[in-house]
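# Structure at a glance
Residues per chain, in single letters:
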Amino acid sequence: MTSHPTDRDFLDPLLDGSYKGYPRTQAARPRSAVGDAGWNLLAGDLPLPLAVLRREALAHNLAWMQTRVDAWGVSFAPHGKTTMSPQLFRRQLEAGAWGLTFATVTQLAVGVAAGARRTLIANQVLSDEDLGGIQQLLRAHPGLRIVFLVDSLAQLALIDDWAARHPGSLPFEVMVEIGIDGARTGCRTHAQAVALAAAVKASAALRLVGIECYEGQGATGDSGHDRAYTDALMDRIDAVAREAVANDWFEAEEVLVSAGGSAIYDIVSARLAPVLGRPVRGVLRSGCYITHDHGTYQRYQRAVDARLGCAAGESLRAALEVWATVQSVPEPGLAIVAMGKRDVSFDLSMPVPIARAARGAVATAPVPPGWTVSGLNDQHAYLRWEAGEEALAPVVGERIGFGISHPCTTFDKWHWMPVVENDYRVSDAVVMHF
């Protein structure tokens, strides 16, 4: 990120051969001019490996998800950590997002530079640097709203101590987080959450504006289990919120009730508008929807589609692909592809071969169903196929397109990505700030 994140260069940097995936034989050009270069991925105009975004799928996902959230009567603050792309943040806001969510103050500063003015940090903030950074952003951007999470009296004490050392600071807006045993952050019991809410009310450094949880860690893809699990968690949210209302602990015109990963977002959205006797704004925070994937979220989405009655292809579509070259076929049943852990996600499952293009071809063909990636090194993928598929085996120089599982950990491996049409003609580009 530049030292002045509102400068033009932040949103429209000059791209050149120092960026992985940018052609070294081409002149440098601004990000906004990449679509005018006439490049096509399949024509060999760009070096591989390369992660690309399919424009039509991206636009479809933005519109489809916003339409769903609007129909459910829920506000949308998609999680920016998925992409960390100012261009994609702007598209989300232009599509109708109420705000944006982040995991850190550093990430949030990128979203503010991209135009976000309602922001959530779905995480605990407690260091002097981060608290000071929030104050700096609030003073630099009138009308900016930043809400973060608290889950312990120990965290509250650190914030109070910081505020005592910085008189005149603006009060921090916070939500109490409700957590799950064995999972990540959040109050484990009702008593803990209520005691914390009361302590926030008593603190001059903070204002309690809502209650929050993250349901994604307990999702399984089984609708019966996921409904029961989500209902139990949201019952706890409701109970704390009701007690806070009864004691007049909330200090905002409307109470924020927030949740949301990208696995069971439909189920949790139905519980984001509890009746509390005062205005409530439910805020969903799903992030991976913007590109979807060919792995983990595709599996979860099948259950969502069944619950919503969506036909195949009607809901979210995979928009993120990584293309790479077959560099060696050293033994029967094994090809080595020039793509590795530095290029593609592998934290939830291996990349999925989805398309192939012979050297010199400008059209893709499907891959045999038996193709799989069995492992990754830093720069190499092990592509294998089943016995009997030798006639369709990959050859040296061929290009293979891969779907991914979990977009977050593919985006963070790139500083820019071309946006392509269905024929892989490059029509735009985005940049990332991790």
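Residues numbered from 1 in each chain as written. Predicted model: local features only at pLDDT ≥ 70, side-chain atom pairs only at ≥ 80, totals over all residues. Heavy atoms only, no water.

### Concerning the environment of Gly210
- Among the secondary structure elements, Gly210 is positioned in strand E9 (residues 206–213).
- Taking the relative accessible area as the measure of exposure, Gly210 reaches 0% and is therefore buried.
- Contact partners of Gly210, with chain neighbours within four places excluded, come to Val174, Met175, Val176, Phe250, Val255 and Leu256. (Helix = DSSP H or I, 4+ residues; strand = E, 2+ residues; numbered from the N terminus. Buried < 20%, exposed > 50% of the residue type's maximum accessible area, 1.4 Å probe, protein only. Contact = heavy atoms within 4.5 Å.)

### Considering the pairing of strand E17 (residues 399–403)
- When you tally the buried positions in E17, you get five out of five residues, the bulk of the element.
- Neither face of E17 is open: one carries Arg399, Gly401 and Gly403, the other Ile400 and Phe402, and all of them are buried.
- Bridge count between strand E14 (residues 352–357) and E17: five bridges; the pairing is antiparallel. Note that in E17 the partner of Pro353 across the bridge is Phe402. (Pairing = 2+ DSSP bridges.)

### Regarding the confidence of the model for the protein
- When pLDDT is averaged along the protein, the result is 96; 98% of the residues meet or exceed 70.
- Across residues 1–6 the pLDDT falls below 50, and counting only partners more than four positions away or on other chains, this stretch makes seven contacts in the model. (pLDDT = per-residue confidence, 0-100.)

### Things to note about the pattern of salt bridges
- Counted according to the given criterion, the structure contains 20 salt bridges.
- For the salt bridge of Arg55 with Glu421, the shortest nitrogen-to-oxygen distance reads 2.7 Å. A residue pair is termed long-range when its members are at least 10 positions apart, and Arg55 in helix H2 (residues 55–72) and Glu421 in the loop between strand E18 (416–420) and strand E19 (426–431) qualify at 366 residues.
- We classify Arg55 as partly exposed; its relative accessible area is 32%.
- For Glu421, a relative accessible area of 11% corresponds to the buried category. (Salt bridge = Lys/Arg side-chain N within 4 Å of Asp/Glu carboxyl O.)

### Describing unusual backbone geometry
- Residue Pro49 follows Leu48 across a cis peptide bond; omega there is 5°.
- In this structure, Met84 takes a positive phi of about 50° despite not being glycine.
- By the element assignment, Met84 lies in the loop between strand E4 (75–76) and helix H3 (86–95).
- Met84 sits in the buried class, given a relative accessible area of 1%.
- Here the phi dihedral of Tyr424 falls at roughly 70°; this positive angle occurs in a residue that is not glycine.
- With respect to the helices and strands, Tyr424 occurs in the loop between E18 and E19.
- By relative accessible area, Tyr424 is classed as buried at 4%.

### What about the packing of aromatic side chains?
- Inspection of every chain in the model, using the stated rule, returns nine aromatic pairs.
- Seen from their ring centres, Tyr297 and Tyr300 are 6.3 Å apart, and the 45° between their planes marks the pair as tilted. One end of the pair is Tyr297 and the other is Tyr300, both in helix H10 (residues 296–308) and three residues apart, which spans about a single turn. Here Tyr297 and Tyr300 have matching classes, each one buried.
- In this arrangement the basic side chain of Lys20 is found over the ring face of Trp414, its NZ or CZ atom lying 3.9 Å from the centre. (Phe/Tyr/Trp six-rings, centres within 6.5 Å; stacked < 30°, edge-to-face > 60°. Lys NZ or Arg CZ within 6 Å of the ring centre and 35° of its normal.)

### Here's the deal with the nonpolar core
- In terms of nonpolar packing, the biggest core is built from 127 residues, with Phe148 and Val176 touching the most fellow members.
- Counting residues per element, this core draws most heavily on helix H8 (residues 223–246), which supplies seven residues.
- In contact with Phe148, other than residues within four places in its own chain, are Ile121, Asn123, Val125, Leu131, Ile134, Gln155, Ile159, Phe172, Glu173, Val174 and Met175.
- Of all hydrophobic cores here, the second largest spans ten residues; its members include Leu120, Val147, Leu149 and Ala252. (Core = buried A, V, L, I, M, F, W, Y, C linked by side-chain atoms within 4.5 Å.)

### Some thoughts on the sheet that holds strand E5 (residues 100–102)
- As summarised here, the arrangement of the eight strands in space is E4-E11-E10-E9-E8-E7-E6-E5, forming an open sheet in which the pairing is parallel. Each edge of the open sheet carries a strand with a single partner, namely E4 and E5.
- For strand E6 (residues 118–124) and strand E7 (residues 145–150), the ladder comprises five bridges, and the chain directions are parallel. Among the inter-strand pairings, Leu120 is bridged to a residue of E7, identified as Val147.
- Where helix H7 (residues 190–202) meets the sheet, its contacts fall on E7, strand E8 (172–178) and E9, and the angle it forms with E8 comes to roughly 170°. (Axes fitted to C-alpha atoms, helices over the stretch in contact; angles between N-to-C directions.)

### Describing the side chain of His406
- On the secondary structure map, His406 appears in the loop between E17 and helix H11 (408–411).
- The residues contacting His406, other than those within four sequence positions of it, are Cys288, Asp293, Tyr297, Ser345, Asp347 and Leu348.

### Quick word on H7
- The terminal C-alpha atoms of H7, which comprises 13 residues, lie 19 Å apart, in line with the 18 Å expected from a rise of 1.5 Å per residue.
- Residues Ala193, Val194, Leu196, Ala197 and Val200 constitute the buried set of H7. Down the axis of H7, the smallest arc covering the buried residues is 165°, so these residues share one side. Facing away from the buried surface of H7 by more than 90 degrees, the exposed residues are Ala191 and Ala202. (Expected span 1.5 Å × (residues − 1). Arc of directions from axis to C-beta.)

### A short note on the side chain of Lys413
- As for its position among the elements, Lys413 is in the loop between H11 and E18.
- Setting aside its immediate chain neighbours within four residues, Lys413 contacts Lys20, Lys341, Arg342, Asp343, Val344 and Phe346.

### Comments concerning the packing of H2 against H3
- Closest axis-to-axis distance for the H2/H3 pair is 10 Å, and the angle between their directions is 40°. In this view, H2 runs oblique relative to H3, as classed from their interaxial angle. For the pair H2 and H3, the sense of crossing is right-handed. Only Leu88, Arg91, Gln92 and Ala95 of H3 make contact with H2, whose side of the interface consists of Leu58, Leu62 and Gln66.
- Counted by class, the contact of H2 with H3 contains four nonpolar, two polar and one charged residues. (Parallel < 35°, antiparallel > 145°, perpendicular 65-115°, else oblique. Left-handed = near helix turned anticlockwise from the far one by under 90°. Nonpolar A, V, L, I, M, F, W, Y, C, P; charged D, E, K, R; others polar.)

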